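Here is what each chain is made of, one letter per residue.
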Amino acid sequence: MTQNPETIIIEDIQGGLAKVFKELNLTGKPIIQETAKKSTFGDYCTPIFQIAGANKRNPQELAKIITENFPKLNCVEEVSAEGGFVNYKLNRAYCSRLILSKILANEKFYQSDLYKGKRIIVEHTSANPNGPIHIGNFRGSIIGDTYARILKAAGADVLTNFYVDDLGHQIPVLVIGYELLKKFDTVPTDIKIDHLLGRIYAITHTMYDIQKIKKELKEKYDLILGKDINWITKEEVKQMEASLKKKNVSIEEQKTQIKQSEFIINIQTDIYKRFKKFYKILKNCLEKESIDLTIAVPDLNRRYMSNEKDAVKKVRATCEDALRGQREELAILGIEHDNYDWEADLQWSGQVDATLTSLNKNGFLIEDGKARLFDANKAADLEGARKYLKMKPSYEIPKPILVTSTGDTLYLLRDIAYSLKKVDHYSADKVFNVIGKGQELSQRQLNLAVRAVCREDAANKMWHLNYEFMELQGALTSMSARRLQYITPLELYEKTHEAVMENFLQKRDYPQKEKDDIARIVTVGAIKYSIIAIGLMRKLLFNPQEVVSLSNNTSPFIQYAFARSQNILAKTDFSWSKKKENTLESLFEDEEWQIVLSLAKLPSIVLNAAEQIKPELICNYLFELANLFNKFYDAHRVLDAETEELTIARLALTYATGKQLTEGLNLLGIESPSRM
RNA sequence: GGAUGUGUAGCGCAGCCUGGAUAGCGCGCCUGGUUCCGGACCAGGAGGUUCGGGAGUUCAAAUCUCCUCACAUCCGCCA
């Protein structure tokens with residue numbers, strides 16, 4: 001039994017149509033859709049053209065005949081024919097009562113059979129634990145979090161997962177730098193831990209690169225540059241250039257060496273300029289122990305990979321610190337994850353090796369020198385693979401490297417194991433990987449690899465939730481962890497918060513505590529909404545001024561409409577009871593009716609958003625509803641309406657509108673303040 | 001060269017999956033109302049050589065198919 005009033009109305013009309021079709025002996029499935037111009041044609045309509053064609057009739061005439069024979073329905077007041085369309089004008093009194101009474105009685109009717117009882121995993125953010133989250137991942141965080149909420153509303157059992165990439169040589173670099181700082185100096189506390197670790201990582205990595213270059217020069221060409229192994233200068237590069245020339249090194253090799261050195265000088269200069277004091281501190285720490293990073297880094301990496309106790313202790317401690325900082329930052333935006341899956345755990349459990357063995361056994365590995373590639377094309381020929389991944393038969397998919405010539409496994413291999421874990425360990429029916437554009441190729445390769453280990457079932461549950469990049473208006477466009485060039489969510493928050501205060505909140509004379517609360521809620525809302533409101537595949541330019549604007553399609557605009565509605569309700573002691581349902585039949589004005597119709601749409605909007613992966617549909621809906629409410633507010637009085645009955649009905653309408661606005665904002669993880 | 005995405009008014013976008021009536025919305029611009037249950041509002045108007053361009057399918061195309069142009073991103077030893 002359906003409870004959704006919109007569905008009840010449409011099914012009622014469908015029943016009427018079925019009856020007419022039977023009487024007139026017509027074939028075909030008529031559709032019911034909203035009319036283009038509501039005021040002139042009615043609320044819903046059915047185009048008759050196809051039906052007419054199938055039954056060899058003239059559309060205009062047939063529409064007229066259907067209209068004449070249409071049975072009397074509770075929902076429908078008038079049926080009319082116009083240019084091949086059958087138009088239905090709904091009975092406002094009856095439908096208003098039907099729709100509003102259900103909303104006022106607190107009934108929710110989102111549940112979809114498609115998702116009921118289904119376990120769905122949404123993996124998002126998954127930032128490296130070597131620094132803060134930046135707005136590259138952050139758009140994914142908002143999309144993932146919001147989509148998870150929408151899926152939950154649609155009846156799914158949703159888990160959000162964060163994949164912690166604690167393998168790969170970027171981690172030991174960070175760990176060593178961090179450990180040395182703790183040993184020889186004090187850890188600064190005036191900066192968030194993840195931001196601090198980001199700096200340690202970038203600086204240590206720079207010195208690691210310098211050591212590597214200098215060591216190679218010494219071993220290969222017996223060339224010693226300067227006395228500081230952790231610092232490189234332009235003069236040294238010139239000296240190197242001259243020496244290499246003298247030693248008859250090939251021009252090509254000269255070029256690579258020089259290019260590498262110049263690249264790293266660039267980074268060194270850049271970071272040093274911006275973080276002089278801290279750079280010096282960290283460099284000092286490194287010199288106190290005179291560690292050879294070119295040995296220490298791979299060594300720690302190897303020991304961590306093989307699960308050696310002291311290595312695990314150190315690495316985990318650092319990663320946990322970074323993760324804690326990232327979580328704090330997400331928490332500001334009201335985002336948290338259900339599960340954290342560590343990459344190393346997969347390695348240690350043997351699942352990664354098992355995957356490699358299985359790929360090998362099934363004949364999907366290709367050897368290229370000492371490296372091993374995945375034969376993605378062979379996997380693409382497996383039953384159903386090309387169709388699922390929308391790959392043309394002619395498309396030759398590049399073969400990714402799984403194991404390097406030095407024997408190191410690469411992330412794609414571990415990702416295969418992780419994909420299986422998501423399906424098996426978490427018993428997922430569907431897995432969404434929220435990962436930015438630029439990962440399309442590897443996500444396809446991953447899906448094919450899962451098929452190659454005979455897990456077509458798992459591959460058919462995986463879905464890459466793709467999204468475009470995001471930039472901050474007026475800021476640099478390319479993000480680089482190595483150069484410490486990134487915009488963090490915190491920065492976004494602060495800029496937006498500032499705009500909120502400037503734009504309107506400063507002028508308010510609310511108590512400070514309430515002011516702070518409102519500012520926080522509005523800021524968070526503005527950020528989330530602006531990211532969700534635009535289609536996933538569109539480039540996003542974040543502008544703090546625009547996202548808090550009160551006349552755009554923004555969260556503050558909708559929150560303001562909500563505050564207005566609550567303001568009216570606060571002036572009375574409105575409470576709803578079933579006894580008052582009769583009054584709902586007194587809403588006849590266009591402005592009222594448009595709201596009622598819109599209120600009924602939320603459930604189908606939620607389902608569409610879930611099924612089509614379009615969270616932006618919620619935003620469009622809220623914007624429409626807020627606009628309709630503003631029109632109503634301007635055109636009609638609520639508290640002193642013509643009759644007492646009408647006041648009650650309009651209060652109910654106002655209350656129900658506020659309810660749907662809150663409901664919709666909630667789906668986006670946005671709160672609604674009752675005044676702003 | 002290949003893959004994917006985007007192209008709709010001066011600007012920012014919705015509609016495309018599932019083809020339907022005069023292509024919507026916001027900003028900006030012009031005109032007017034409203035000092036109210038919070039003007040952070042509302043009404044009207046100008047603005048698209050008709051949806052990057054071309055062909056096709058259809059009674060009907062912004063929407064489906066094919067071709068083409070522009071821009072963005074990705075394409076073996078980082079993750």
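All values derive from a computational prediction rather than experimental measurement.

Q: What should I look at first to understand the packing of aromatic side chains in this one?
A: Aromatic ring pairs: the centre-centre distance and the angle between the two ring planes describe each pair. Scanning the model with the defined rule gives 16 aromatic pairs in all. An angle of 55° between the planes, with centres 6.1 Å apart, marks the rings of Phe-629 and Tyr-633 as tilted. Taken together, the positions of Phe-629 and Tyr-633, both in helix H27 (residues 616-635) and four residues apart, correspond to about one turn of that helix. Here Phe-629 falls in the buried class, since its relative accessible area comes to 0%. Exposure remark for Tyr-633: the relative accessible area of 31% places this residue in the partly exposed category.

Q: Even after reading the chapter, I still don't get the side chain of Thr-46, so can you show me in this structure?
A: Locating Thr-46 in the fold gives a position in strand E2 (residues 44-47). The class of Thr-46 is buried, set by a relative accessible area of 1%. Among the polar contacts listed, one links the side chain of Thr-46 to the backbone oxygen of Ile-31, at a separation of 3.1 Å. Aside from chain neighbours lying at most four places away, what touches Thr-46 is Leu-17, Pro-30, Ile-31, Ile-32, Gly-84, Phe-85, Val-86 and Tyr-88.

Q: Help me out: how do you make sense of the protein's contact with RNA strand B in this one?
A: Close to RNA strand B lie 65 residues, the nearest being Phe-85, Ile-401, Glu-440, Arg-508 and Asn-567. The sugar-phosphate backbone supplies 60% of the atoms of RNA strand B found within 4 Å of the protein. Between a base nitrogen of RNA strand B and a side-chain N or O atom of Asn-87, the distance comes to 2.8 Å. Interatomic distance of 2.8 Å between a side-chain N/O atom of Asn-552 and a sugar or linking oxygen of RNA strand B. For the surface near RNA strand B, the elements supplying multiple residues, two or more each, are E2, helix H3 (49-54), strand E4 (85-90), strand E9 (371-374), helix H18 (411-424), helix H19 (440-452), helix H24 (555-570) and H27. Looking at which element gives the most residues to the surface near RNA strand B, the answer is H27, with seven residues. A class-by-class count of the residues in the surface near RNA strand B yields 28 nonpolar, 17 polar and 20 charged.

Thresholds applied
- Residues numbered from 1 in each chain as written.
- Chains lettered and ligands numbered in written order.
- Predicted model: local features only at pLDDT ≥ 70, side-chain atom pairs only at ≥ 80, totals over all residues.
- Heavy atoms only, no water.
- Phe/Tyr/Trp six-rings, centres within 6.5 Å; stacked < 30°, edge-to-face > 60°.
- Helix = DSSP H or I, 4+ residues; strand = E, 2+ residues; numbered from the N terminus.
- Buried < 20%, exposed > 50% of the residue type's maximum accessible area, 1.4 Å probe, protein only.
- Polar contact = N/O pair within 3.5 Å; in protein donor to acceptor, adjacent residues only side chain to side chain.
- Contact = heavy atoms within 4.5 Å.
- Near = heavy atom within 4 Å.
- Nonpolar A, V, L, I, M, F, W, Y, C, P; charged D, E, K, R; others polar.

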